[in-house]
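Chain by chain, the residues:
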Amino acid sequence: GAVVSQHPSWVICKSGTSVKIECRSLDFQATTMFWYRQFPKQSLMLMATSNEGSKATYEQGVEKDKFLINHASLTLSTLTVTSAHPEDSSFYICSAITSGVPSSYNEQFFGPGTRLTVL
Amino acid sequence: GENVEQHPSTLSVQEGDSAVIKCTYSDSASNYFPWYKQELGKGPQLIIDIRSNVGEKKDQRIAVTLNKTAKHFSLHITETQPEDSAVYFCAATRDRGGSNYKLTFGKGTLLTVNP
C-alpha cells in the first residue's frame, strides 16, 4: 500500500515556542491530506483538511491561527503549532488520499504519528 | 453530521477465540466503512473495509459485515492471536468523489488477546 511518513516522530518543546510537523506521501501524490489529533485512550479527532495549493479547511473549534497548515506540493503537508502550550501536547497524525485511483476508493493512508510534548 | 457508536470499549479474549466489535452509524448516506488497527504509539492501519453495495467481506481471519437497513457494521476476528492485541477503530463516510470527504471514527475498542 501507499506509504505516509511523518517527521519528527516525537518532539519536546518549551511553552511559547512553535513546532513544525511534516507529513509526506512517499510513493504517491496526495491531493488531499488530513490532520488529526489524538489524546490518550481517545479516538482520532479531525483538525483540518488540506488540499494542495489551497487553504486548509478547519473543523469547528480548531484555531486556524494556532494550527497553521500548508500543503505546498502533492507530497508534502506541514502542520505548525504556534506558541505551543502544555494543553497542545498530543499525538498528531496525518493521512492522505491518493489522486491516482478511482474516486470511489476513498482509502486514507495514515502516517505513524508525531508525539508532541510541551513543557 | 455522521455519528458512529462503537462497542465494546474493551474486549478481552483467550487466544484462539473469536472477537466481535460492533458499530452503528447515523447517516444513511454513508457508504464506505473502514476498520483500522492502531498499536500503541503508532498511526492507524487499515485492516479491512466494506462498501454499502456489499453485505460481507472476508480477508483470512478478519471479516466485516454490514447491515444497511439497521445501519450497523461489525468486525469479526477469528482464531485470535496475541499480536491481534491493539485498539480497533471503525469509521464511516460518504463517497464524495475521492476528495474532501471526512471519516467519522468510533471511539475505539481495546482488544486484549490473552495467551
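On a predicted model such as this, the values are computed, not experimentally measured, just so you know.

A. Layout of the overall build of chain B. When you go through chain B residue by residue, the secondary structure sums to zero helices and 11 strands. Counting from the amino terminus, chain B carries its helices and strands in the arrangement β-β-β-β-β-β-β-β-β-β-β. Dimensions of chain B along its principal axes, counting C-alpha atoms only, are 45 × 30 × 20 Å. A total of 115 residues make up chain B; the buried ones form 44% of that total. Taking the intrachain contacts of chain B between residues at least 6 apart in sequence as the baseline, contacts between residues at least 24 apart amount to 54%. When the 13 positive and 13 negative side-chain charges of chain B are each reduced to one mean point, those points stand 8 Å apart.

B. Broad picture of the packing of aromatic side chains. Applying the stated criterion to the full structure yields 12 aromatic pairs over all chains. Here the aromatic residues A:Y36, A:F110, B:Y36, B:F89 and B:F105 are joined through ring pairs into a cluster of three or more.

C. Region of interest: the confidence of the model for chain A. This prediction gives chain A a mean pLDDT of 90; 92% of its residues lie at or above 70. Averaged pLDDT values over the elements of chain A bottom out at 90 in strand 7 (residues 67-73) of chain A and peak at 97 in strand 11 (residues 114-118) of chain A.

D. Summary view of the pattern of salt bridges. Taken as a whole and judged by the stated rule, the model has eight salt bridges over all chains. Its salt-bridge partner being A:R24, residue A:E22 comes within 3.4 Å of it at the nearest N-O pair. Among the residues examined, A:E22 registers a relative accessible area of 24% and is labelled partly exposed. With its nearest N and O atoms 3.7 Å apart, the salt bridge here joins B:K37 to B:E39. Counted as one network, the salt bridges with shared partners bring together B:K37, B:E39 and B:K42.

E. Spatial organisation of the nonpolar core. Formed by 26 residues in total, the largest nonpolar core has its most connected members in A:F67 and A:L116. Listing elements by their share of this core, those giving two or more residues are strand 2 (10-13), strand 3 (19-25), strand 4 (30-38), strand 5 (45-51), strand 7, strand 8 (76-81), strand 9 (90-98) and strand 11 of chain A.

F. A look at the interface of chain A and chain B. Facing the 23 residues of chain A at the interface are 23 residues of chain B. Taken together, the two surfaces of chain A and chain B that pack against each other cover about 1800 Å², and 51% of this comes from carbon and sulfur. Put simply, chain A and chain B have one salt bridge between them. B:K102 serves as the salt-bridge partner of A:E59, at 3.1 Å between the closest nitrogen and oxygen. Applying the counting criterion to the chain A and chain B interface returns four residue pairs in polar contact (both at pLDDT 80 or more).

G. Region of the structure containing a nonpolar patch on the surface. A cluster of nonpolar residues, A:W10, A:I12 and A:L119, forms a patch on the protein surface that exposes about 380 Å² of accessible area. Relative to the elements of secondary structure, A:I12 occurs in strand 2.

Reading guide: rules and limits
Residues numbered from 1 in each chain as written. Chains lettered and ligands numbered in written order. Predicted model: local features only at pLDDT ≥ 70, side-chain atom pairs only at ≥ 80, totals over all residues. Heavy atoms only, no water. Helix = DSSP H or I, 4+ residues; strand = E, 2+ residues; numbered from the N terminus. Buried < 20%, exposed > 50% of the residue type's maximum accessible area, 1.4 Å probe, protein only. Contact = heavy atoms within 4.5 Å. Lys, Arg positive; Asp, Glu negative; His and termini not counted. Charge placed at Lys NZ, Arg CZ, Asp CG, Glu CD. Phe/Tyr/Trp six-rings, centres within 6.5 Å; stacked < 30°, edge-to-face > 60°. pLDDT = per-residue confidence, 0-100. Salt bridge = Lys/Arg side-chain N within 4 Å of Asp/Glu carboxyl O. Core = buried A, V, L, I, M, F, W, Y, C linked by side-chain atoms within 4.5 Å. Buried area = accessible area lost by both parts, 1.4 Å probe. Polar contact = N/O pair within 3.5 Å; in protein donor to acceptor, adjacent residues only side chain to side chain. Patch = residues over 30% accessible without salt bridge, like charges linked within 9 Å, V, L, I, M, F, W, Y side chains within 5 Å. Areas by Shrake-Rupley, 256 points an atom, 1.4 Å probe, with all protein chains shown as cover.

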